[in-house]
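Chains, contacts and geometry: an overview
Residue strings, one per chain:
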Amino acid sequence: GAVVSQHPSWVICKSGTSVKIECRSLDFQATTMFWYRQFPKQSLMLMATSNEGSKATYEQGVEKDKFLINHASLTLSTLTVTSAHPEDSSFYICSAPASGAENYGYTFGSGTRLTVV
Amino acid sequence: AQKVTQAQTEISVVEKEDVTLDCVYETRDTTYYLFWYKQPPSGELVFLIRRNSFDEQNEISGRYSWNFQKSTSSFNFTITASQVVDSAVYFCALDVASGTYKYIFGTGTRLKVLA
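Report on the accompanying structure. (Residues numbered from 1 in each chain as written. Chains lettered and ligands numbered in written order. Predicted model: local features only at pLDDT ≥ 70, side-chain atom pairs only at ≥ 80, totals over all residues. Heavy atoms only, no water.)

Of regular secondary structure, chain B possesses zero helices and 12 strands. Moving toward the C terminus, one meets the helices and strands of chain B in the order β-β-β-β-β-β-β-β-β-β-β-β. In terms of C-alpha radius of gyration, chain B reaches 14 Å, essentially the compact-globule figure of 13 Å for 115 residues. Referenced to the eigenvectors of the C-alpha coordinate spread, the extents of chain B come out at roughly 40 × 30 × 20 Å. In chain B, which comprises 115 residues, the proportion classed as buried is 45%. Within chain B, counting contacts between residues at least 6 apart in sequence, those at least 24 apart form 55% of the total. Working note: accessible area of chain B is about 5500 Å², and carbon and sulfur atoms make up 49% of it. Here chain B contributes 11 positively and 13 negatively charged side chains, and the mean placements of these two sets differ by 4 Å. (Helix = DSSP H or I, 4+ residues; strand = E, 2+ residues; numbered from the N terminus. Rg over C-alpha atoms; globule rule 2.2 N^0.38 Å. Buried < 20%, exposed > 50% of the residue type's maximum accessible area, 1.4 Å probe, protein only. Contact = heavy atoms within 4.5 Å. Areas by Shrake-Rupley, 256 points an atom, 1.4 Å probe, with all protein chains shown as cover. Lys, Arg positive; Asp, Glu negative; His and termini not counted. Charge placed at Lys NZ, Arg CZ, Asp CG, Glu CD.)

This brings us to the state of the cysteines. Residues and elements named next belong to chain A. Applying the stated criterion to the full structure yields two disulfides over all chains. Bridging cysteine 23 to cysteine 94, the disulfide has an S-S length of 1.7 Å. On the sign convention where negative means left-handed, the S-S torsion of about -90° between cysteine 23 and cysteine 94 marks this disulfide as left-handed. Pair noted here: cysteine 23 is in strand S3 (residues 19-25) and cysteine 94 is in strand S9 (residues 90-95), with a separation of 71 residues, a long-range link. (Disulfide = S-S within 2.5 Å.)

Attention shifts here to the sheet that holds strand S4 (residues 32-38) of chain A. Residues and elements named next belong to chain A. Spatially, S2-S10-S9-S4-S5-S6 is the arrangement adopted by the six strands of the open sheet, whose pairing is mixed. At either margin of the open sheet sits one strand with a lone partner, and together these are strand S2 (10-13) and strand S6 (54-58). The average angle at which neighbouring strand axes cross in this sheet is 20°, direction not considered. Judged from the five bridges that link them, S4 and S9 form a sheet pairing that is antiparallel. When the sheet's bridge partners are listed, arginine 37 is paired in S9 with tyrosine 92. (Pairing = 2+ DSSP bridges. Axes fitted to C-alpha atoms, helices over the stretch in contact; angles between N-to-C directions.)

Turning our eyes to something else, we now look at the pairing of strand S6 (residues 46-52) of chain B. Consecutive residues of a regular strand have side chains that alternate between opposite faces of the sheet. Where strand S5 (residues 33-39) of chain B lies against S6 of chain B, six bridges are found, and the strand directions are antiparallel. Opposite tyrosine 33 of chain B, over in S6 of chain B, you have asparagine 52 of chain B as the bridge partner.

Turning our attention to the pattern of salt bridges. Where charged atoms from two side chains of opposite charge come close, those side chains can pair. Residues and elements named next belong to chain B. All chains considered together, the criterion is met by seven salt bridges over all chains. Close ionic contact of arginine 51 with glutamate 59 constitutes a salt bridge, the shortest N to O distance being 2.7 Å. Glutamate 59 gets classed as partly exposed once you look at its relative accessible area, which sits at 30%. A single network of salt bridges, built from pairs that share partners, joins Arg51, Asp55 and Glu59. (Salt bridge = Lys/Arg side-chain N within 4 Å of Asp/Glu carboxyl O.)

For the rest of this paragraph, the subject is unusual backbone geometry. For the bond from histidine 7 of chain A to proline 8 of chain A, the omega torsion is -5°, close enough to zero to count as cis. Mapped onto the elements of the fold, proline 8 of chain A is located in the loop between strand S1 (4-7) and S2. Phi at lysine 16 of chain B takes a positive value of approximately 85°, unusual for a residue other than glycine. By the element assignment, lysine 16 of chain B lies in the loop between strand S2 (10-14) and strand S3 (19-21). Unlike most non-glycine residues, serine 73 of chain B shows phi in positive territory, near 50°. Residue position: serine 73 of chain B is located in the loop between strand S8 (64-69) and strand S9 (74-79). Of the residues examined, serine 73 of chain B reaches a relative accessible area of 22% and is grouped as partly exposed.

For the rest of this paragraph, the subject is the pairing of S5 of chain B. Residues and elements named next belong to chain B. Counting buried positions along S5 gives six out of seven residues, so the element sits mostly inside the fold. Between S5 and S6, which pair antiparallel in sequence order, lie six residues; one of them, glycine 43, sits at a positive phi of approximately 105°. Note: S5 against strand S10 (residues 88-95), seven bridges, orientation antiparallel. Across the sheet, the residue bridging to phenylalanine 35 is alanine 93, located in S10.

Interpretation note: all reported values are geometric properties and have no functional meaning in isolation.
Written as structure tokens, this is what we have:
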């Protein structure tokens, strides 16, 4: 089945630095990638939708200048948390649509746990 | 507006007890998909089930069963004879428009199964 690979699994960074998270579709082309954020003990909230070759669409309240999304190819989308602060510490997870009924619902990345110190 | 409500924030049961996790959803779409995911402490989302709005048949998979009732907009999940390994956070989710993969998640229910 379709697989989305997400890296890194966890990262600790200093306040003020930037962190890049990658999501790759391994055996299918992902023209769209959804990025979710999950604060501790809370639900997953959609942050933005990236589209290959065009600008990402951000949900209300998400700062596009802080969370830079690039979807430069059909198999790679990246989320860069710029000038990270402790309040950005969260679990970030991506998801991509893949064709085939057997893939529907499966194609989430394994998540990235970001801790900003 | 689309919404998924999981009223139970946390449930604790003793091993071998049955437990039901509730999920109530709201959508104006007539065609939609509902999902249940398990999130263990490691964080990844483990797919449990997908159900489309036209299929109200209940489903059983081993110790897991799901009861989908459109009349009450509910999609409840029952674990029979719970085990410690079932301890996790469980999310119910709705695809906002059928097949888009763009999910609205409920707030999750943390299940603790005590030995």
